[in-house]
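Reading the structure
Below, each chain spelled out in residue letters.
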Amino acid sequence: PITKQKLVEHGLHCVQPGLTYFNECLSGPLKTALDAFKAARLFSPQNVNVMKPDSSVVDSLSVFPFLNDPSVIENLKLELPLYITKTADINSDFCPLKWWKLHSSEIPEWSSAAAKVLLLQPSSACCGMCFLYIEQYLQ
């Protein structure tokens, strides 16, 4: 007879190769991208208000080559308490871009870093679509 335990064991046996592959990808070729996505959360005032990160989390921003400078990271750490304070009364429907513009003079290091990080394209999908449209146009 098939027992619940045997079904669970069989299910785990079936999904284990996929989980192993997923873990290998996240700790291998996709690690830098995953680290960048995690670090980029620090530029969402709404997330920072909830996360209340400490200065050790700021080190994760060095995954971005343009922020991988000890003096930049140190300046971000110094401004972090003020940044967290400024996020205290943020609304969930407030536009992050407007928020950064409003607070750029108060937290200039974070504002400068945010301007760079928020320009990053998270995937190549847009580029791929452009090439697809060009290819269709040329045919």
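Predicted model, so just to flag it, every value in this text is computed and none were measured. (Residues numbered from 1 in each chain as written. Predicted model: local features only at pLDDT ≥ 70, side-chain atom pairs only at ≥ 80, totals over all residues. Heavy atoms only, no water.)

Overview of helix α7 (residues 108-117)
Rule in force here: When a residue's accessible area, from a 1.4 Å probe over protein chains only, is under 20% of the maximum for its type it is buried; when over 50% it is exposed; and in between it is partly exposed. Each helix is a run of H or I in the DSSP string that is no shorter than four residues. Each strand is a run of E no shorter than two, and both are numbered from the N terminus. By construction, the arc corresponds to the directions joining the helix axis to the C-beta atoms. Residue contacts follow a heavy-atom distance rule, with two residues in contact if any of their heavy atoms lie within 4.5 Å.
Along α7, the residues that are buried comprise W110, S111, A113, A114 and V117. Projected onto a plane normal to the axis of α7, the buried residues spread over an arc of 165° and lie on a single side. The inward-facing, buried residues of α7 abut α2 (31-40), α4 (55-58), α5 (70-86) and α6 (96-103).

Observations concerning the nonpolar core
Put simply, the rule reads: The definition of a nonpolar core used throughout is a set of buried Ala, Val, Leu, Ile, Met, Phe, Trp, Tyr and Cys residues joined through side-chain atoms within 4.5 Å.
Judged by nonpolar contacts, the single largest core of 22 residues is most densely connected at F43, L61, Y83, W100 and W110. Contributions of two or more residues to this core are made by α2, α5, α6 and α7. The element best represented in this core is α5, accounting for 5 residues. Excluding residues within four positions of it along the chain, Y83 makes contact with L42, F43, S44, P45, V48, W99, W100, I107 and W110.

Focus: the confidence of the model for the protein chain
What counts here: On a range of 0 to 100, pLDDT expresses the predictor's confidence in each residue.
Summary statistics for the protein chain give a mean pLDDT of 87 and a share of 87% for residues scoring 70 or more. Of all helices and strands in the protein chain, the one with the weakest mean pLDDT is helix α8 (residues 125-138) (61), whereas α5 scores best (97).

Digging into the packing of aromatic side chains
As a reminder, the rule being used: Any two rings among Phe, Tyr and Trp, with Trp reduced to its six-membered ring, count as a pair given centres within 6.5 Å; such a pair is stacked if its planes are under 30 degrees apart, edge-to-face if over 60, and tilted if neither.
If you walk through the whole model with that rule in mind, you get 7 aromatic pairs. Geometrically, the ring pair formed by F43 and W100 is tilted, given 6.4 Å between the ring centres and 45° between the ring planes. Here F43, found in the loop between α2 and α3 (45-51), pairs with W100, found in helix α6; they are 57 residues apart in sequence, far enough to count as distant. For W100, a relative accessible area of 5% corresponds to the buried category. Taking 5.0 Å as the distance between ring centres and 90° as the angle between the ring planes, the aromatic pair formed by W99 and W100 counts as edge-to-face. The class for W99 is buried, based on a relative accessible area of 3%.

With respect to the pattern of salt bridges
Which entries qualify depends on this criterion: Salt bridges are counted wherever a side-chain nitrogen of Lys or Arg sits within 4 Å of a carboxyl oxygen of Asp or Glu.
All chains considered together, the criterion is met by 3 salt bridges. D59 is paired through a salt bridge with K77; the nearest N and O atoms lie 2.9 Å apart. A residue pair is termed long-range when its members are at least 10 positions apart, and D59 in the loop between α4 and α5 and K77 in helix α5 qualify at 18 residues. You can call K77 partly exposed: its relative accessible area is 22%.

Considering the environment of I84
Summarising the element assignment, I84 is placed in helix α5. With relative accessibility at 16%, the residue I84 sits in the buried group. When the C-alpha positions of I84 and M51 are compared, they lie 9.3 Å apart, and in sequence the two are 33 residues distant.

Notes on the side chain of Q46
Tracing the backbone through its elements, the reader meets Q46 in helix α3. Leave out the neighbours within four places in its chain, and Q46 touches I90, N91, S92, F94 and P96.

Quick look at unusual backbone geometry
Even without glycine at this site, K52 takes up a positive phi of about 50°. Its location among the elements puts K52 in the loop between α3 and α4.

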